[in-house]
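Geometric and topological summary
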Amino acid sequence: MCRLLAYQGIPQSIDRLIAKPEHSLIVQSYQPREMTAGVINADGFGIGWYHNDTQYRDPFIYKHTQPIWTDVNLPDLSRFVETGCMLSYVRSATPGQGVSMSNCQPFRDGKLLFIHNGFIDNFRSGLYKQIREKLHSHIYQAIDGTTDSEHIFALFSNILHTHPELPLETALQRTLQLLRDLVETERTTISANIVISDGDRLIASRFAHRATVPSLYWIKNSIDYPDSVILASEPIFADNWQTCPMQSIVTVSKDLDVKIQPI
């Protein structure tokens with residue numbers, strides 16, 4: 001079980017988002033409060049962001065397999081880089097899914113970034129084959145790691161490839177509905193708190209089937225972060241955070257309008 005943090009709003013330094021808050025993502029890596037499995041997140045981390053200059057449409061990624069609190073390069077990098085749209089996470093690897101760079105998130109497909117907090121139980125012996133059989137060849141071949149997370153992203157990308165006209169939130173909803181059907185057939189379990197971005201919007205889910213739903217919160221225009229929306233597995237500072245409803249999709253538009261719909 002991992003911890004997620006996503007930001008949409010006026011440009012901020014990455015350091016101010018992931019390190020400065022009192023219960024920052026870095027603190028959550030070694031002292032989480034609301035994890036439903038595991039006790040720390042020491043199996044790697046990743047940050048994906050979009051440049052403020054619109055000539056750079058594709059996102060940038062920095063990730064590592066070491067615990068986030070041990071990376072001596074991150075403080076300098078995160079103070080230097082500013083962004084108006086960021087996805088980040090710290091990882092607690094699901095047993096059986098190795099600690100490697102290819103298994104570190106965010107995952108990227110063109111201008112899309114993807115992060116996932118959750119798991120598919122018994123993934124390798126269950127849904128691994130079923131998901132791969134549904135993929136177009138080029139998406140199948142693009143899978144670099146072994147995680148359930150990357151395969152969920154591949155399934156999402158496959159739906160968009162087949163139906164490029166779909167809004168991101170609709171593609172995510174179809175992905176989760178398909179996964180729910182597969183999980184029901186296999187009699188296994190899934191939890192899938194997901195955040196996806198194209199640089200202009202955040203699309204998130206708080207979802208589980210036959211499993212405990214992981215925590216997810218959002219806040220808009222907080223005192224210290226005006227003109228922004230933050231999504232987080234756990235509140236990173238004291239303020240009026242809202243709980244994302246269970247079995248829902250949250251959409252944050254470019255103008256920071258927040259919409260919530262059931263899955």
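These numbers come from a predicted model, not from an experiment.

A tally of regular secondary structure across the chain gives seven helices and 14 strands. For the chain, the C-alpha radius of gyration of 17 Å lies close to 18 Å, the compact-globule estimate for 263 residues. Referenced to the eigenvectors of the C-alpha coordinate spread, the extents of the chain come out at roughly 45 × 40 × 35 Å. Scored against the burial criterion, the 263 residues of the chain give a buried share of 56%. Restricting to contacts in the chain with at least 6 residues of sequence separation, those with at least 24 account for 66%. Here the chain has roughly 11,100 Å² of accessible surface; of this, 49% comes from carbon and sulfur atoms.

Bringing the state of the cysteines into the picture now. All told, the structure shown has zero disulfides when counted by the stated rule. Left without a disulfide partner, Cys104 is nearest to the cysteine sulfur of Cys2, which lies 9.6 Å away.

The next point concerns the packing of helix H6 (residues 148-162) against helix H7 (residues 168-186). It is at 9 Å that the axes of H6 and H7 come closest, and there the two elements cross at 125°. By the criterion of interaxial angle, the relationship of H6 to H7 is oblique. In this structure, the crossing between H6 and H7 has a hand that is right-handed. Residues Ile152, Leu155, Phe156, Ile159 and Leu160 of H6 pack against Leu168, Ala171, Leu172, Arg174, Thr175, Leu178 and Leu179 of H7.

On to the sheet that holds strand S3 (residues 60-64). Ordered in space as S3-S2-S4-S1-S11-S10-S12, the seven strands form an open sheet in which the pairing is antiparallel. Both edges of this open sheet fall to S3 and strand S12 (242-243), since each of them pairs with a single strand only. For strand S10 (residues 217-220) and S12, the ladder comprises two bridges, and the chain directions are antiparallel. Bridged to Trp218 within S12 is Gln242.

Counting 33 residues, the largest nonpolar core has Phe156 and Leu179 as the members making the most contacts within it. Only strand S6 (112-120), helix H4 (127-133), H6, H7 and strand S7 (190-197) provide two or more residues apiece to this core. Membership of the second largest hydrophobic core comes to 24 residues, among which are Leu17, Ile26, Trp49 and Leu74.

As paired strands, S10 and strand S11 (residues 228-232) are joined by four bridges and run antiparallel to one another. Paired with Trp218 across the two strands is Leu231, which belongs to S11.

For the rest of this paragraph, the subject is a nonpolar patch on the surface. On the surface, Tyr30, Val39, Ile40 and Trp69 cluster together to form a nonpolar patch covering roughly 410 Å² of accessible area. With respect to the helices, strands and loops of the structure, Val39 is situated in the loop between helix H2 (25-30) and strand S2 (45-49).

The next subject is the packing of aromatic side chains. By the definition in use, this model includes eight aromatic pairs. Where Phe45 meets Tyr62, the ring centres are 6.1 Å apart and the plane angle is 50°; that geometry is what we call tilted. In this pair, Phe45 sits in strand S2 while Tyr62 sits in strand S3, placing the two residues 17 residues apart along the sequence. On the basis of relative accessible area, Phe45 is assigned to the buried category, the value being 0%. Both rings, one in Phe114 and one in Phe153, keep their centres 4.7 Å apart while their planes meet at 25°; by these two values the pair is stacked. Taken together, the positions of Phe114 in strand S6 and Phe153 in helix H6 put the pair 39 residues apart, joining distant regions of the chain. Each of the two residues, Phe114 as well as Phe153, counts as buried. A connected cluster of aromatic rings, assembled from ring pairs, spans Phe114, Phe153 and Phe156. Directly above the aromatic system of Tyr225 lies the positively charged group of Arg16, at a separation of 4.3 Å from the ring centroid.

About the cut-offs
- Residues numbered from 1 in each chain as written.
- Predicted model: local features only at pLDDT ≥ 70, side-chain atom pairs only at ≥ 80, totals over all residues.
- Heavy atoms only, no water.
- Helix = DSSP H or I, 4+ residues; strand = E, 2+ residues; numbered from the N terminus.
- Rg over C-alpha atoms; globule rule 2.2 N^0.38 Å.
- Buried < 20%, exposed > 50% of the residue type's maximum accessible area, 1.4 Å probe, protein only.
- Contact = heavy atoms within 4.5 Å.
- Areas by Shrake-Rupley, 256 points an atom, 1.4 Å probe, with all protein chains shown as cover.
- Disulfide = S-S within 2.5 Å.
- Axes fitted to C-alpha atoms, helices over the stretch in contact; angles between N-to-C directions.
- Parallel < 35°, antiparallel > 145°, perpendicular 65-115°, else oblique.
- Left-handed = near helix turned anticlockwise from the far one by under 90°.
- Pairing = 2+ DSSP bridges.
- Core = buried A, V, L, I, M, F, W, Y, C linked by side-chain atoms within 4.5 Å.
- Patch = residues over 30% accessible without salt bridge, like charges linked within 9 Å, V, L, I, M, F, W, Y side chains within 5 Å.
- Salt bridge = Lys/Arg side-chain N within 4 Å of Asp/Glu carboxyl O.
- Phe/Tyr/Trp six-rings, centres within 6.5 Å; stacked < 30°, edge-to-face > 60°.
- Lys NZ or Arg CZ within 6 Å of the ring centre and 35° of its normal.

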